[in-house]
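Here is what each chain is made of, one letter per residue.
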Amino acid sequence: MSMWYRLGQFILRYRVALLVLLLALTAFMGYHASRVQLSYDFTRAIPIDNPKYKAYQEFRKKFGDDGNLLVLGVQTDGFFREKFFNAYYDLQRSLKKVRGVEDILSVPAAVSLLKNPETEKLKAVPVFPDQRLSQAEIDSSAAVFLSLPFYEGLLYNPETNAWLMGLRMNKDLMATKEREKVIRDINKLTDAFSKEQQQEVYKSGLPFIRTQVAVMLQEEMRFFLIASVVLSALILLWFFRSVSATLLSLAVVGIGVVWSMGTIEMLGYRISLLTALIPPLVVVIGVPNCIYFLNKFHVAWNDSGRKKESLVAMVDKMGIVTLFCNVAAAIGFAVFALTKSQILKEFGLVAGINIMALFFISLILIPAVLSYLPAPKTRHTRYLVNPRLNRWLDRLERWSLNHRKLIYTITTVLVVASVLGIMRLKSEGFIVDDLPKSDKIYTDLKFFEQHFKGVMPLEIVVDTRKKQGVTRSLANLEKIDSFSRYLSRIPDIARPLSIAEGLKFAKQAFFEGDPSSYSMPSGYDLPALAQYLSFKGDSSGNKSSLAKLVSSFMDSTKQQARISVNMADIGSARLPGLLDSIQLKAEQIFNADSLEALKADAATREANKGDSTWGRRTHGIQLTGTSVTFLEGSRFIISGLKDSIFWAFLLIAACMLYLFRSARILLCSLIPNIIPLMITAGVMGWAGVPLKPSTVLVFSVALGIAIDVTIRFLVNYKQELPIFNYDLKTTVIETIHSTGISIIYTSMVLIAGFVIFYFSNFGGTKALGWLTSLTLITATFTNLVLLPAILISFIRVKK
């Protein structure tokens, strides 16, 4: 009498107590699930001890958040017409009243600097009076505005007649659920303006993108959860022809979903782009558990006709199979917890825990509930003798026995083609490439890239290593200007903003507003403009939008200067080269004297790459901002996912070796699962699908799920072998027929469950859907065709 047989008897004997315990635990997890919240933090891909992460946090501490600007854009040649301009002014005033909008930089809010002839000091005054204006007043003020080069490329593009309004958002409020209401209020106002003026309004910026993505994520999670449940229910109903069996299976996965949401909250996590996939994944992975148990129960019932004996036999035969299937699937997810990326750790830990929890839920609930239900009727077990499926299984049997050379030849050709495809694989990701190209978030982003060269923040911090080093040295200011002019010539980078631009603006004002005076002040001019560098507010202490903007380009000690640019989302393939060229140019400008020594010490430079303190330089240069953290995050996720595939193979192989105690069987079990992964990678290469965080995720997930079929087949093979007197061919044939139907049905459930992810709006989720489905389809064929052929060809059985 095996341990699993005794466990089956124990479950039936104490079924009431076990059901009460299960329901109590579900109620407890349900309470925590009700408190789970959405995550609005999209920068957790990098470990907190990473130098780039530390540099970014240090930057935020000194200069504030770089990703808190929401931008609105319009394109019209009638911007200064009375009706349109006044409506635009009204829109700005209404937006400023929205909770969460701290300040607005726009054309109607633009300021100019005027010199007081008596005191020789500069004062910020509005270009446009703060009221609705007549056409004559607009024309007069517009002439002044257009004479200020400071705003060109910042608030308007004269070549394309595009106009920009920037909303500085409260970063604390935008990290809470309230951000959804803030964005809804902004959308409501801009949509009303758009409708009234018959003018499209383009919206972008990280606060807007992140909020819209979070809302889409929430809606998709609800849709996929419902779709996976409905689809699974239909397949189960078609399979078993039993409402009670269908409802029992849905109860198992329903409890699993509640537990998964509760686990997220109990561990202190929030729902992210990855953890949002866990509830529908629990449904998809949980249903095969139910099919395995119910299928074995029906087989045992047909053999004995006694319900209790059949239930114990179900646990006895399928307990070990289902356990190792869940262990393998859990490993496929849990290995992500071994990476250094926080978002992957959360996904791996929650998914791994709850896939294992599914095993215990189904092990207790299914036999306990079935013991109270009526015995199966003939129609409930009719699928066991499905003539059509049996004919297909007969074909698989003939192929495995009689056409093994053909199977090996076809497999070899596919592997060679896959290797050639793998050689074409490229690694590239974009900040918003998970969105479809037709989505308005994506098209609006492209509008700002076309007319203003993008909205993705890149920050360059120059450390003079001396207090007041920025303002007391004309040479430092000229270097900042020289570097800014270099940046402005790069096609994918917008015009930089720095203290140098503020000084040019001040010099223009000092020389009576002459546009030709918009240039860096000389050593003679600088003392006269020194009061501008503090840029204090008016008598009431209030600062203009321009003052707030310019004052943010130095730290409180004026030791460090910030050069801020917006750039296009050029992707992780081009971004490293661009950043390297910017870093090198910065070194040439700010550290010309020590550059030759730095080049000579190449080993030190490589060892300290990314650290602003390497070398004995006069200036420290640090590139940071969302664009840099995105690149570093992509590198970490892809590297972590590659490592996770290795660990998944290693741990699953260890489980298989423990289960079968045979190195030859282990090799036979891995081959039919490695080949589908190679085929999927090859298809990606030939189809031009790049390696990025969302696509690399597929491989360890698919491996953990696909290996279930192998375990199911080989455990049944091992159990049947002594029954058929160790006759290898007869055992393989019997295994094909006894496991084939349940394998096909569970594969259908898994494939259909992952296919629904193809209807996602996110490219990563879509890729997870079709690539995993492709892997599972090929894994089903390799396990039912290639695996039996390998067993017959290479396994020698000792009685």
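Right above here is the structure, for reference.
What counts, and at which threshold
- Residues numbered from 1 in each chain as written.
- Predicted model: local features only at pLDDT ≥ 70, side-chain atom pairs only at ≥ 80, totals over all residues.
- Heavy atoms only, no water.
- Helix = DSSP H or I, 4+ residues; strand = E, 2+ residues; numbered from the N terminus.
- Buried < 20%, exposed > 50% of the residue type's maximum accessible area, 1.4 Å probe, protein only.
- Contact = heavy atoms within 4.5 Å.
- Areas by Shrake-Rupley, 256 points an atom, 1.4 Å probe, with all protein chains shown as cover.
- Lys, Arg positive; Asp, Glu negative; His and termini not counted.
- Charge placed at Lys NZ, Arg CZ, Asp CG, Glu CD.
- Axes fitted to C-alpha atoms, helices over the stretch in contact; angles between N-to-C directions.
- Parallel < 35°, antiparallel > 145°, perpendicular 65-115°, else oblique.
- Left-handed = near helix turned anticlockwise from the far one by under 90°.
- Salt bridge = Lys/Arg side-chain N within 4 Å of Asp/Glu carboxyl O.
- Patch = residues over 30% accessible without salt bridge, like charges linked within 9 Å, V, L, I, M, F, W, Y side chains within 5 Å.
- Polar contact = N/O pair within 3.5 Å; in protein donor to acceptor, adjacent residues only side chain to side chain.

Broken down by element type, the protein chain carries 26 helices and 10 strands. By principal-axis analysis of the C-alpha atoms, the protein chain measures approximately 110 × 60 × 45 Å. By the burial criterion, 58% of the 799 residues in the protein chain qualify as buried. Taking as baseline every contact in the protein chain between residues at least 6 positions apart, the subset at least 24 positions apart corresponds to 79%. Accessible surface, the protein chain as shown: approximately 33900 Å² in total, 59% of it carbon and sulfur. Between the averaged position of the 89 positive side-chain charges in the protein chain and that of its 64 negative side-chain charges there is a distance of 11 Å.

For the rest of this paragraph, the subject is the packing of helix H7 (residues 206–240) against helix H8 (residues 243–266). Running from amino to carboxyl end, H7 crosses H8 at an angle of 155°, the nearest separation of the two axes being 8 Å. Relative to H8, the element H7 is oriented roughly antiparallel. Of the two possible hands of crossing, H7 and H8 adopt the one that is right-handed. Touching Met221, Leu225, Val229, Ala233, Leu236, Leu237 and Phe240 of H7 are Val243, Ala245, Thr246, Ser249, Leu250, Val257 and Met261, all from H8.

Going through the model one piece at a time under the given rule, you end up with 18 salt bridges. The residue Arg306 makes a salt bridge to Glu309 at a minimum N-O spacing of 2.7 Å. Arg306 sits in the partly exposed class, given a relative accessible area of 48%. Of the charged contacts in the structure, one is a salt bridge between Glu449 and Lys446, with a shortest N-O distance of 2.9 Å. In this pair, Glu449 and Lys446 are both assigned in helix H14 (residues 440–452), 3 residues apart and thus about one turn of the helix distant. Accessibility expressed as a relative area gives 15% for Glu449, which makes it buried. For Lys446, a relative accessible area of 29% corresponds to the partly exposed category.

In this section: a nonpolar patch on the surface. A contiguous nonpolar patch, built from Phe223, Val755, Tyr758, Phe759 and Trp770 and spanning about 500 Å² of accessible area, is present on the exposed surface. Residue placement: Trp770 occurs in helix H26 (residues 763–794).

Right, let's get into the environment of Gln37. The residue Gln37 is located in the loop between helix H2 (15–33) and helix H3 (51–63) in this model. As a C-alpha pair, Gln37 and Ser304 span 267 residues in sequence and 50 Å in three-dimensional space. In this structure Gln37 touches Arg270 and Ile271, once residues within four positions along its chain are discounted. Side chain to side chain, Gln37 and Arg270 meet in a polar contact 3.2 Å long.

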